[in-house]
Amino acid sequence: MHKIAFIGLGNMGAPMALNLLKAGFALRVFDLSAAPLQRLAEAGAEIAERPADAVAGADAVISMLPASEHVQRLYLGADGVLAAVPAGALLIDCSTIAAATAREVAAAAAARGLTMIDAPVSGGTAGAAAGTLTFIVGGTAEAFERARPLLGAMGRNLFHAGGNGAGQVAKICNNMLLGIQMIGTIEALQLGVASGVDATVLSDIMARSSGRNWTLEVYNPWPGVMDNVPAARGYSGGFGSDLMLKDLGLAAEAAAAVQAPIALGALARELYRRHSAAGHGALDFSSLREVPAG
Ligand code: NAD
């Protein structure tokens, strides 16, 4: 398996595709935007004009798109992947989307004799660049094993969560917790700084105390505490607040379906909704402290 079609070269997709190139896979890439295509071409990828051209002759297809509707259109559309991909190719969608959509697209693929897995990721843009992502896979155990060499070139921890859609369920649980933790970390830092404690000193203390968590230690939201995080560059790049809002919406849908109580998840969703409505949706999700009250 060496000819790979990679579709969706945004903040996550571009560094993931670059790691596949580094590992020696031949890549044909497609995105709606020209800038990342150019970057990938310079690194040795072939540019396709349409998704159907990208997947022609491919051994595997990897997609990394924003949301459910993009994945549905890409795979099921008239000029989409399922209509053009060769029999026997493995389909891997790494986007974070609704579990129901992942199951729907995988079922349509299966009806054409194709194997598909959902393989959403965790680890952020830094993990994507470093090739240390966590992949959370839904699909058969056999498909998971087939995908292993590809996922291993982009990530370090590979989990098989269960059948199709299970990867998305696990990912949504993780991201709901991440959103809640980010808001908690921002609140704690805001309180400490307003009370006269230095943000770096406070972060250091909490990172070695019981408030320890990923948003504090790896992705600190306070400008000046860490280099190479969105807070150090005006909250550009990273994981957009609108994408976090989408994930919290997916968590709310999933919770409604099984009547799971998610009081904090719902509150986090409301705070990100306000942040987005105030015009900050494109900023990284660690920018939430600028949220207006009420
Ligand atoms: P992004 O908005 O930076 O990139 C999405 C890319 O998809 C863009 O380049 C866009 O042009 C392209 N695109 C959209 N529709 C397309 C289509 N029909 N055909 C081809 N290309 C198309 O998003 P991202 O931050 O890279 O996130 C991608 C997915 O990964 C999302 O589902 C997100 O929730 C998830 N995710 C992101 C992060 C993160 O830290 N950014 C972390 C984990 C998971």
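Draft legend 1. Main features of the overall build of the protein chain. From N to C terminus, the protein chain includes 13 helices and nine strands. Judged by the C-alpha coordinates and their principal axes, the protein chain covers about 60 × 45 × 35 Å. In the protein chain, which comprises 294 residues, the share counted as buried stands at 50%. For the protein chain, the share of sequence-separated contacts (at least 6 apart) that also reach a separation of at least 24 residues comes to 64%.

Draft legend 2. The site of the ligand, seen in detail. Close to the ligand lie 23 residues, the nearest being Asn11, Met12, Asp31, Pro66 and Lys246. Take Asp31: an N or O atom from its side chain is 2.6 Å from an oxygen atom of the ligand. In the environment of the ligand, an oxygen atom lies 2.8 Å from a nitrogen or oxygen atom belonging to the side chain of Lys246. Starting from 840 Å² of accessible surface for the ligand in isolation, the protein chains cover 87%.

Draft legend 3. Local environment of the packing of aromatic side chains. Scanning the entire structure with this criterion turns up three aromatic pairs. On the basis of an interplanar angle of 45 degrees and a centroid distance of 5.5 Å, the ring pair of Tyr219 and Phe285 is categorised as tilted. Pair noted here: Tyr219 is in the loop between helix H11 (214-217) and helix H12 (241-258) and Phe285 is in the segment after helix H13 (263-280), with a separation of 66 residues, a long-range link. Neither residue differs from the other here; Tyr219 and Phe285 are each classed as buried. An aromatic cluster is built from Trp214, Tyr219, Phe239 and Phe285, whose rings are joined through pairwise contacts. Its end group placed over the ring of Trp222, Arg289 keeps NZ or CZ at 4.1 Å from the ring centre.

Draft legend 4. Inspection of a nonpolar patch on the surface at higher detail. A cluster of nonpolar side chains, namely Val197, Val201 and Ile205, defines an oily patch on the protein surface of about 230 Å² accessible area. Mapping Val197 onto the fold places it in the loop between helix H9 (166-194) and helix H10 (199-207). On the accessibility criterion, Val197 (34% relative accessible area) is partly exposed.

Draft legend 5. Layout of the environment of Leu76. Mapped onto the elements, Leu76 comes out in helix H4 (residues 68-76). When its relative accessible area of 33% is taken as the criterion, Leu76 is described as partly exposed. As for Leu76 and Ala108, which are separated by 32 residues in sequence, their C-alpha atoms are 7.8 Å apart.

Draft legend 6. Quick look at the layout of surface pockets. Of the pockets and cavities examined, the largest pocket occupies roughly 1,100 Å³. Considering the residues around the largest pocket, the lining is formed by 44 residues, among which Met12, Met64, Leu65, Pro66 and Leu243 are closest to the centre. For the lining of the largest pocket, the secondary-structure elements that each account for two or more residues are H4, strand E7 (121-122), helix H7 (124-130), H9 and H12. Considering each element in turn, the lining of the largest pocket owes the most residues, six residues, to H9.

Draft legend 7. Examining the nonpolar core more closely. In this structure, Phe6, Met16, Leu27, Ile92 and Phe135 are the most contacted members of the largest nonpolar core, which totals 37 residues. With seven residues, the top contributor of residues to this core is helix H8 (residues 141-154). Setting aside residues up to four positions removed in sequence, Met16 forms contacts with Phe6, Met64, Cys94, Val121, Ala128, Leu133, Phe135 and Met154.

Draft legend 8. Seen up close, the pattern of salt bridges. Under the definition given, this model contains nine salt bridges. Of the charged contacts, one joins Asp79 and Arg50 as a salt bridge, the two residues approaching to 3.1 Å between their closest N and O atoms. Of the two residues, Asp79 sits in the loop between H4 and helix H5 (81-84) while Arg50 sits in the loop between strand E3 (46-47) and helix H3 (51-55), which places them 29 residues apart along the sequence. Classification of Asp79 by relative accessible area gives partly exposed; the value is 41%. Of the residues examined, Arg50 reaches a relative accessible area of 37% and is grouped as partly exposed. Between Glu217 and Arg212 there is a salt bridge, and its shortest N-O distance comes to 3.0 Å. Look at Glu217 and you get partly exposed, because its relative accessible area is 32%. By sharing partners, the salt bridges in this structure join Arg50, Asp53 and Asp79 into a single network.

Conventions we followed
- Residues numbered from 1 in each chain as written.
- Predicted model: local features only at pLDDT ≥ 70, side-chain atom pairs only at ≥ 80, totals over all residues.
- Heavy atoms only, no water.
- Helix = DSSP H or I, 4+ residues; strand = E, 2+ residues; numbered from the N terminus.
- Buried < 20%, exposed > 50% of the residue type's maximum accessible area, 1.4 Å probe, protein only.
- Contact = heavy atoms within 4.5 Å.
- Near = heavy atom within 4 Å.
- Polar contact = N/O pair within 3.5 Å; in protein donor to acceptor, adjacent residues only side chain to side chain.
- Areas by Shrake-Rupley, 256 points an atom, 1.4 Å probe, with all protein chains shown as cover.
- Phe/Tyr/Trp six-rings, centres within 6.5 Å; stacked < 30°, edge-to-face > 60°.
- Lys NZ or Arg CZ within 6 Å of the ring centre and 35° of its normal.
- Patch = residues over 30% accessible without salt bridge, like charges linked within 9 Å, V, L, I, M, F, W, Y side chains within 5 Å.
- Salt bridge = Lys/Arg side-chain N within 4 Å of Asp/Glu carboxyl O.
- 1 Å grid on protein atoms, 1.4 Å probe; cavity = no way out; pocket = protein on both sides within 12 Å on 5 of 7 lines; lining within 4 Å.
- Points joined across faces, edges and corners; volume = space filled by probe spheres on them.
- Core = buried A, V, L, I, M, F, W, Y, C linked by side-chain atoms within 4.5 Å.

By themselves, these observations are geometric and do not establish any function.
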